[in-house]
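# Residue-level structure breakdown
The residues making up each chain are set out below.
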Amino acid sequence: MCGPRLPSVGMSAPSVGPPVAVKRPVRTVALVGVDGSGKTTQARLLAAALAGAGHPAVYRQNAGGRAWFGRLAARWGRGDAEGLFGRRGMLLIESLLRWLAIARTLLRRAVRHEIAVMDRYAACQFASLRARGAGPAAERRARLAYRLFPRPDVTFLLAVDPAVARERIDRRGTDRESIEYLTAADRAYRSLPEAAGFVVIDANGSPEQVHAAIRAGLAAAMVSQAVPAAAGSSAMAAGSSAVAAGSSAVAGTTPGVAGTAPGAAAGTAAVAGGRGAPVAVSGTAGAVAAGPAGATPGRRRVRVRTLVLAGVPAVAGAAVIGWQLAESL
């Protein structure tokens, strides 16, 4: 493989494995990687596994239309999609169509309260721009447009040898990619700023092996995200005890100053360590006044984002529906 090595989840034996158990609320799982890495196959398998375990999971494709335009170009004798629109034109169209597809997927997720297992996400567009030689300015503009979308809870990078990917692409016979492009795309994915947060899966094996590795990676990611929350709760409980001790010291001291400082300071420090929110301790009254919770502004941002996501597909609804019908055919 090209580029720096990233932490990866190895392939296990080809077995069905235990039922998928989501240990914390998961709304979005994204699978990214070069063409021929198995994103579509694995996204469908994962969505089916989650649905079989009782979770409202659905498969969502966020394609950019390049494969469809490539088939159209072949019929017209223009080679590939870039033969129709040029390199820059196709990158612009791909960025727009993928943006609309992701917006539609996130809107459905917000309305239906489902778990979206996404076949491609924003990182795929950034990697495509880098692999196809677009300049930094083009990527900056794309990131500005895509920054509206939240980061997935888990992003799997399906890492595959370019030769294996090329063989799979030739076998399906719907499009073509060169070894040079696949190598550049693999390097582009690994060079993204988001790469540090990817769960890298060895996708060179059989679909069953890769699926088992993804399931194991999802379980491990959920456990790792649940541990800090549990630790924060424990620290909050310890902070409450310390604040109570400080308040008792205040009640038992005539001046109320000497007893307040140690207990209140300890309580404030412990609560701040558990929640990360501003906390004020009143030694005179013996009460704790917590600052505004960070969740309320977060909810407001989600509402605004949902409204925006609802507005854009409404304006461009005809184009999205037409593209989706064409992609299905």
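These numbers come from a predicted model, not from an experiment.

### Quick word on the pattern of salt bridges
Going through the model one piece at a time under the given rule, you end up with nine salt bridges. Note that Glu177 is salt-bridged to Arg132, the shortest N-O span being 3.7 Å. Of this pair, Glu177 sits in the loop between α6 (162–172) and α7 (179–191) while Arg132 is found in the loop between α4 (122–131) and α5 (136–146), placing the two residues 45 residues apart along the sequence. According to the relative accessible area criterion, Glu177 is buried, its value standing at 13%. Among the residues examined, Arg132 registers a relative accessible area of 15% and is labelled buried.

### Looking at the confidence of the model for the protein chain
Here the protein chain averages 72 in pLDDT, and 58% of its residues register 70 or above. Confidence drops under pLDDT 50 across residues 3–7; counting only partners more than four residues distant or on other chains, this segment forms eight contacts. Note that pLDDT drops below 50 for residues 10–16; the model gives that stretch 14 contacts with residues more than four away or on any other chain.

### A few points about the packing of α6 against α7
One way to put it is that α6 packs onto α7 with a least axis distance of 9 Å and a crossing angle of 125°. The orientation of α6 relative to α7 falls into the category oblique. For the pair α6 and α7, the crossing hand works out as right-handed. On α7, the residues touching Pro162, Ala163, Ala165, Arg166 and Ile169 of α6 are Ile179, Leu182 and Thr183. The residue inventory of the contact of α6 with α7, partitioned by class, reads six nonpolar, one polar and one charged.

### Notes on the nonpolar core
Ranked by size, the top nonpolar core spans 60 residues in total, and within it Leu31, Tyr121 and Phe156 carry the most contacts. When residues of this core are assigned to their parent elements, the largest contribution, seven residues, is made by α4. Excluding its chain neighbours within four sequence positions, the residues that come into contact with Leu31 are Lys39, Gln42, Ala43, Leu46, Val117, Met118, Asp119, Arg120, Phe156, Leu158 and Ile214. Core analysis: the second largest hydrophobic core is formed by five residues, Phe69, Leu72, Leu84 and Met90 among them.

### Quick notes on α6
Among the residues of α6, those classed as buried are Pro162, Ala165, Arg168 and Ile169. For α6, the angular spread of the buried residues around the axis is 125°, confining them to a single face. Those residues of α6 that are buried lie in contact with α7. Structurally, the start of α6 carries an N-cap: the backbone nitrogen of Ala163 is 2.9 Å from a side-chain oxygen of Asp161.

Each value, and the rule that gives it
Residues numbered from 1 in each chain as written. Predicted model: local features only at pLDDT ≥ 70, side-chain atom pairs only at ≥ 80, totals over all residues. Heavy atoms only, no water. Salt bridge = Lys/Arg side-chain N within 4 Å of Asp/Glu carboxyl O. Helix = DSSP H or I, 4+ residues; strand = E, 2+ residues; numbered from the N terminus. Buried < 20%, exposed > 50% of the residue type's maximum accessible area, 1.4 Å probe, protein only. pLDDT = per-residue confidence, 0-100. Contact = heavy atoms within 4.5 Å. Axes fitted to C-alpha atoms, helices over the stretch in contact; angles between N-to-C directions. Parallel < 35°, antiparallel > 145°, perpendicular 65-115°, else oblique. Left-handed = near helix turned anticlockwise from the far one by under 90°. Nonpolar A, V, L, I, M, F, W, Y, C, P; charged D, E, K, R; others polar. Core = buried A, V, L, I, M, F, W, Y, C linked by side-chain atoms within 4.5 Å. Arc of directions from axis to C-beta. Polar contact = N/O pair within 3.5 Å; in protein donor to acceptor, adjacent residues only side chain to side chain.

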